[in-house]
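A structural walkthrough
The primary structure of each chain is shown beneath.
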Amino acid sequence: MAKDRAFTSVPGATFTNTKSSSFQHKSKLVEKAEKADRKLRRRQRYVEKDGRCNVQHGNVRETYRYLTDIFTTLVDLKWRVSLLVFILAYAITWLFFGLIWWFIAYCRGDLDHLEDRTWTPCVNNLNGFVSAFLFSIETETTIGYGHRVITDKCPEGIVLLLLQAILGSMVNAFMVGCMFVKISQPNKRAETLVFSSHAVISQRDDKLCLMFRVGDLRNSHIVEASIRAKLIKSKQTQEGEFIPLNQTDINVGFETGDDRLFLVSPLVISHEINEHSPFWEVSKRQLEKDEFEIVVILEGMVEATGMTCQARSSYLVDEVLWGHRFMSVLSLEDGFYEVDYNTFHQTFEVPTPLCSAREMAEAAARMDAHLYWSIPSQLDEKVEEGTEKENLTKEINGTLSSAESEQILL
């Protein structure tokens, strides 16, 4: 009882409910999970940093269209599948024609007269399926060892020889062409075209600009290089239509020709944020809350092969740095320029307004208007001086009326 009285006699004692505390703990965990989920959804890319498009086609029922363009289908296959198709194409044709050669020899009875020197077979020294298979390989690949040869007493063999020669040439041209195109594809050339890991927003010539950097690691240049940029963002029209992943052009110099690049050293690509820009009303605070993706595309011809090459990359919202600028990578050495790629992705902070480009333009317009109305015009001063002199002259000459003189005195 003493313990109970001592316990209950404590003034201002507060008690916490274990159920409510556990509920609050669970609610915090739920909030963290929701934030993590939103963060994951925000980081869902349309185009990966290495240029791969993060899009998968499902429920494609018209698969016959892939067979109508079988050449492109084989070129687009992965290397291990392409090699498997390459080997199977030759192996199946060799086995198919080897089986036919063996069947002709079996039907003619050549296999029953192997020891008969007076018998003229269709193919000399063909004594089974293995030898027929080897003869098929020699015929299609035009090796011609000379041990197994066709005779002139077998018209069906002559026709089959012609068919195999023609079909073998077609298979050879098709498969070698596929492998040649696949080997010479400039996809790996795009691996040496690099984009900066971040895009930046800062001022250039008192104008807010979105910038990113591109560079070429090889000494062989990209001919007729051009750069494009797209803003990928969901949109809802005035009629209520929802457009997911809507694409909007970002002007990086198309009108002025600045999108045509001489990519010898790394270049900083700039997009001026003006009234035609999709970032016209975007401030730093709104940028942190927004969800979009910037896709940049670099195209050009490989100087060594003359084939068209395309490199792609993208920037999410958290990869756009407000108030930053790229470090310099170019330095003048003894007789040449050196590019330091250690600082290619590095940026540094610069003083940048936190407001949008529209607010900056409106503030500049208000400042200009204030200066215009606060400073008197020199022309008005000259007009006033001329009027005073004219009135004074009239008064001296006595030509001024009494009413006008009184008005001047007032």
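Looking at an unreviewed UniProt entry, the protein chain carries the name G protein-activated inward rectifier potassium channel 3, with the source organism given as Xenopus laevis. Reading the Subcellular location (unreviewed entry) entry of the UniProt record for the protein chain gives the comment "Membrane". As recorded by UniProt, the Catalytic activity (unreviewed entry) comment attached to the protein chain reads in full: "K(+)(in) = K(+)(out)".

The subject of this paragraph is the overall build of the protein chain. Assigned secondary structure in the protein chain consists of 11 helices and 14 strands. In the protein chain, which comprises 410 residues, the share counted as buried stands at 29%.

As a further point, take the state of the cysteines. Per the counting criterion, the structure on display carries 1 disulfide. Here Cys 122 pairs with Cys 154 through a disulfide, and the sulfurs are 2.1 Å apart. Negative torsions about the S-S bond denote left-handed disulfides, and the value of about -75° found for Cys 122 with Cys 154 makes this one left-handed. One end of the pair, Cys 122, is in the loop between helix H5 (79-108) and helix H6 (129-140); the other, Cys 154, is in the loop between H6 and helix H7 (155-183), with 32 residues separating them in the sequence. For the pair Cys 122 and Cys 154, a shared accessibility class is recorded, and that class is buried.

Once that is clear, we can look at the pattern of salt bridges. Here the structure, examined in full by the defined rule, presents 14 salt bridges. With its nearest N and O atoms 2.2 Å apart, the salt bridge here joins Glu 319 to Arg 45. Separated by 274 residues along the polypeptide, Glu 319 in the loop between strand S9 (308-316) and strand S10 (320-322) and Arg 45 in the loop between helix H2 (18-42) and helix H3 (64-68) bring together distant segments of the chain. You'll find Glu 319 and Arg 45 in the same group, each marked buried. Residue Arg 148 pairs with Glu 138 through a salt bridge whose shortest N-O separation is 3.4 Å. Here Arg 148, found in the loop between H6 and H7, pairs with Glu 138, found in helix H6; they are 10 residues apart in sequence, far enough to count as distant.

The subject of this paragraph is the nonpolar core. Grouped together as the largest cluster of nonpolar side chains are 37 residues, with contacts concentrated most on Ile 227, Phe 279 and Ile 294. At the level of secondary structure, the elements contributing two or more residues to this core comprise strand S1 (193-195), strand S2 (199-204), strand S3 (207-216), strand S4 (222-236), strand S8 (293-302), S9, S10 and helix H9 (357-374). Beyond its immediate sequence surroundings of up to four residues, Ile 227 is in contact with Phe 195, Phe 212, Val 214, Val 252, Asp 259, Leu 261, Ile 269, Ile 297 and Leu 298.

Turning our eyes to something else, we now look at the confidence of the model for the protein chain. When pLDDT is averaged along the protein chain, the result is 81; 80% of the residues meet or exceed 70. Throughout residues 1-23 the model reports pLDDT below 50, and contacts reaching past four residues in sequence, or to other chains, amount to 1 contact. Of the regions scoring below 50 in pLDDT, residues 399-410 engages in 7 contacts with residues more than four places distant in sequence or in other chains.

Rules used in this analysis
- Residues numbered from 1 in each chain as written.
- Predicted model: local features only at pLDDT ≥ 70, side-chain atom pairs only at ≥ 80, totals over all residues.
- Heavy atoms only, no water.
- UniProt positions renumbered as here; feature names shortened; annotations may be inferred.
- Helix = DSSP H or I, 4+ residues; strand = E, 2+ residues; numbered from the N terminus.
- Buried < 20%, exposed > 50% of the residue type's maximum accessible area, 1.4 Å probe, protein only.
- Disulfide = S-S within 2.5 Å.
- Salt bridge = Lys/Arg side-chain N within 4 Å of Asp/Glu carboxyl O.
- Core = buried A, V, L, I, M, F, W, Y, C linked by side-chain atoms within 4.5 Å.
- Contact = heavy atoms within 4.5 Å.
- pLDDT = per-residue confidence, 0-100.

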